[in-house]
Every structure is written in structure tokens, then in C-alpha cells.
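Chain by chain, the residues:
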Amino acid sequence: QAKAAGRNTLRFFDPSMQAIVTARAALNADLRLGLQQSQFQLYYQPQVDGEGRPTGAEALLRWQHPQRGMVAPIEFIPAVEESGLIIPLGHWVLETACTQLKAWAAREETANLNLAVNVSPRQFRQPDFVERVLAMLERIGADPRKLKLELTETLLLDNVEQTIEKMAALKARGVGFSLDDFGTGYCSLSYLKHLPICQLKIDRTFVKDILSNPSDAAITKVILTLAQSMGLTAIAEGVETEAQRDFLANQGCVAYQGYLFGRPMPLAEFEQFLMRTTTPPKLVDA
Ligand code: C2E
Ligand code: MG
Ligand code: MG
Ligand code: MG
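This report concerns the structure included in the present document. What you see is a predicted model; the values in this text were computed from it and never measured. (Residues numbered from 1 in each chain as written. Chains lettered and ligands numbered in written order. Predicted model: local features only at pLDDT ≥ 70, side-chain atom pairs only at ≥ 80, totals over all residues. Heavy atoms only, no water.)

Here we look at the coordination of the magnesium ion (ligand 3)
Within the protein, the magnesium ion (ligand 3) binds to Asp 180 (OD), Asp 181 (OD), Glu 237 (OE) and Glu 237 (OE); these donor distances fall in the range 2.1 to 2.4 Å. The magnesium ion (ligand 2) is placed at 3.9 Å from the magnesium ion (ligand 3), the two being bridged by Asp 180. We classify Asp 180 as buried; its relative accessible area is 7%. By relative accessible area, Asp 181 is classed as partly exposed at 25%. (Donors = N, O, S within 2.8 Å, 3.2 Å for Na, K, Ca; no water. Buried < 20%, exposed > 50% of the residue type's maximum accessible area, 1.4 Å probe, protein only.)

Some remarks on the pairing of strand S4 (residues 114–118)
By the bridge criterion, four bridges tie strand S2 (residues 54–65) to S4 in an arrangement that is parallel. Each residue of the ladder has a partner; that of Gly 56, found in S4, is Asn 114. The sheet contact formed by S4 and strand S5 (residues 147–152) spans four bridges and is parallel. For Ala 116, the partnering residue across the bridge sits in S5 and is Lys 148. (Pairing = 2+ DSSP bridges. Helix = DSSP H or I, 4+ residues; strand = E, 2+ residues; numbered from the N terminus.)

Re the packing of aromatic side chains
A ring pair, where both rings are aromatic, is described by two values, the distance of the centres and the angle of the planes. Summed over all chains, the structure comprises 10 aromatic pairs. Summarising the aromatic geometry, the rings of Tyr 44 and Trp 104 are spaced 5.8 Å apart at their centres and angled 65° between planes, so their arrangement reads as edge-to-face. In this pair, Tyr 44 sits in strand S1 (residues 40–49) while Trp 104 sits in helix H3 (residues 86–105), placing the two residues 60 residues apart along the sequence. Across the pair, Trp 104 and Tyr 44 agree in class, each one buried. Aromatic pair Phe 270 and Phe 273: ring centres 6.1 Å apart, planes at 15°, arrangement stacked. Here Phe 270 and its partner Phe 273 are both found in helix H11 (residues 267–277), three residues apart, which amounts to about one turn of the helix. Per residue, the accessibility class of Phe 270 equals that of Phe 273, and both read buried. The rings of Tyr 44, Trp 104, Phe 270 and Phe 273 are connected pair by pair, giving a single aromatic cluster. (Phe/Tyr/Trp six-rings, centres within 6.5 Å; stacked < 30°, edge-to-face > 60°.)

Brief notes about the packing of H3 against helix H5 (residues 129–140)
Relative to each other, H3 and H5 sit at 30°, their axes nearing to 10 Å. Judged by the angle between their axes, H3 and H5 are roughly parallel. Taken as a pair, H3 and H5 cross one another with a handedness that is right-handed. Counted together, Ile 87, His 91, Leu 94, Glu 95, Cys 98, Thr 99 and Lys 102 of H3 and Phe 129, Arg 132, Val 133, Met 136, Leu 137, Arg 139 and Ile 140 of H5 form the full contact between these two elements. (Axes fitted to C-alpha atoms, helices over the stretch in contact; angles between N-to-C directions. Parallel < 35°, antiparallel > 145°, perpendicular 65-115°, else oblique. Left-handed = near helix turned anticlockwise from the far one by under 90°. Contact = heavy atoms within 4.5 Å.)

Considering unusual backbone geometry
At Ser 38, a residue that is not glycine, the phi angle is positive and equals roughly 55°. Within the element layout of this structure, Ser 38 appears in the loop between helix H1 (15–36) and S1. Not every positive phi belongs to a glycine, and Asn 159 is a case in point at roughly 55°. Position of Asn 159 relative to the elements: it lies in the loop between S5 and helix H6 (160–172).

Here's the deal with H6
Taking 1.5 Å of rise per residue, 13 residues should cover 18 Å, and H6 covers 18 Å from first to last C-alpha, within 8% of that figure. All of the buried residues in H6 are Val 160, Thr 163, Ile 164, Lys 166, Met 167 and Leu 170. Within H6, the buried residues cover an arc of 165° as seen down the axis, which keeps them to one side. Residues of H6 that are exposed and point more than 90 degrees away from the buried face comprise Glu 161, Glu 165 and Ala 172. Check the buried side of H6 and you find it contacts helix H4 (121–124), H5, S5, strand S6 (176–182) and helix H7 (189–192). In the stretch just after H6, Gly 174 is the one whose phi turns positive, near 110°. (Expected span 1.5 Å × (residues − 1). Arc of directions from axis to C-beta.)

A few points about the environment of His 65
The residue His 65 is located in strand S2 in this model. A relative accessible area of 5% means that His 65 is categorised as buried. Sequence separation between His 65 and Leu 31 is 34 residues, and the spatial gap between their C-alpha atoms is 9.2 Å. Those residues in contact with His 65 that sit more than four places away from it in its chain are Asp 30, Gln 39 and Val 71.

See the structure below:
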């Protein structure tokens, strides 16, 4: 019995627990190797305005595993968070994103694009996170105003004051913040008003059934109104159909991301997407 074994004894009563631990250790070893061997890459998912014009992208991590093929973040982000590997991996993501921003800035057609990057709570909580990001931006020569960091409400579970301080330091240099998966977490409205964010990201679980579920429709409406009255933008994620887009537009939404506009794609494909969707500038009559 667990009690008889004493308080300080940890035992696996369930053999499947042992299997999980072993699998996790193997995954961690694989991830470490993957990082060394550059098996990670960024995909880019378009973000568009009310007219469907691309305003930028969200950078989404992919793992090209030699045996397993392309692995989605849901399969490995929890493990990299837990093991701490998220620190080097997260920095690789930021570095790659900033390098991309710098490259886009050099070409007129792409100069205005923003890039949103997901930052995990553990990564953001690193004491030197702010300094590292600022140093990176400077070294690469990327415009901080084009970089948007996506944070989740989980970050606000502890150390709110320190979190706000760090966000404010980055914001002072031009970096923007978007609150990802908004409405699914723990963010109280009283925190929200103190957060130096520029955007709320409406979670796709609300968008999914927006046409059939009156509660979801009401929630998106509230988020859009809230954003507007607080001087923030709101972007709807997971928009898959014209009907969802139209419904959101009627509620006042002017920024979208979802399969309707484009799936996350490799860089070359994203740049082709831009060429297809960006209308060339009109020639002005003399
Ligand atoms: P997220 O930041 O909320 O990213 C949006 C997710 O929704 C992406 O999944 C995207 O592919 C998916 N999505 C976008 N539009 C649609 C749509 O219309 N329909 C459906 N069904 N899905 C859509 P993905 O790429 O699998 O990423 C999952 C999560 O993994 C992300 O959620 C984010 O939390 C995390 N993640 C991805 N890349 C990074 C990263 O570089 N760093 C960190 N810390 N987390 C990341
Ligand atoms: Mg995100
Ligand atoms: Mg999201
Ligand atoms: Mg999400």
C-alpha cells in the first residue's frame, strides 16, 4: 500500500506510468539531437486584414524528424517546455524570425509584413529574456515594431508584476504583444487593463461553431468589443469558411488567420502566396 510505503517513497503503481516516463526520456534525447542537427523549421501562416490582404504571418514551429516525418508542435512542445529545451529552441525560433523580418524589410513588397512569434511561459520567465531579445534584434538589424510576441494567459498565473515589467521594457523598444488563445485561460479583466499588449487573439474554439452556437457568437462579440474599447486590435484565429469570416466581419472583426486564407507553409510557399495575393501598386496617371 502507498501509505505503508511511507511518505517519501515514490512508486509507480501503474506500469503504464513507467512506459510514459521512458517514452518521454526517448523523446527528449531525440529533441536534443534534432536541435543539433537542425531538424526544426518555421512555417508561416498568413494573417490578413478585412480585405483579405496579407499583413504578416505567424511563425509556427515544425520538426522534420528523420523517421517520423513532419511532427506537429502539440507532439513535442510540452516535452521541450518540461525539459527546459524550450530555451535554446525558443531562441532559435526568435533568431530565425528576426532574420526573416530583416530579409523582408529589404524588399518593398514585403517591407510592411509583421511576424508573430509564440513565446512559451518558461522562455519568457528566463531572467535575461528581455536583454536577449533586444540584443538579438540589434545584432540582426530587424525592426522591433514588426515583431509581435504571442503570449498565453498561463504566463499570468504568477509573477504578474514582473511579467508586466518585462513586457513594458520590450514594448518601449517597439515590440508588440498579442494575447494568444484569448478567452480560454485565466486572465482576469483587471489584469488585462494593466497588460502592455496590442492585440487579443480570439481562440479558434470560439470561431469553430460561431454560426451554430450562440454562446460562442456572444463570446467573440464580447472580445471584439472589449478589444475595441481598450484600444487593442483583435484577430480571429482558425477561420476556415467564408461564412465564419462574414459573421466575424459583421461583428466588427478586421483581422483574420485561418485555413480559409492559408495554412501554415514553408517560407518559399509563403512568399509565393504573397505574390499571388498582393495586388501590384496601381500606376498613377501623370
Ligand atoms: P497557436 O499559437 O494558437 O497557433 C495556432 C494553431 O492553430 C497552429 O497549430 C495552426 O496551424 C492552427 N490553425 C491555424 N488556422 C487554423 C484553422 O483554420 N483550422 C484549424 N483547425 N487549425 C488552424 P500548430 O502549428 O499545430 O501549433 C500549435 C501550437 O503549438 C500553437 O498554437 C502554439 O501554442 C504552439 N507553437 C507553435 N510554434 C511554436 C513556437 O515556435 N514556440 C512555442 N513556444 N510554441 C509554439
Ligand atoms: Mg500563436
Ligand atoms: Mg492561438
Ligand atoms: Mg490555439
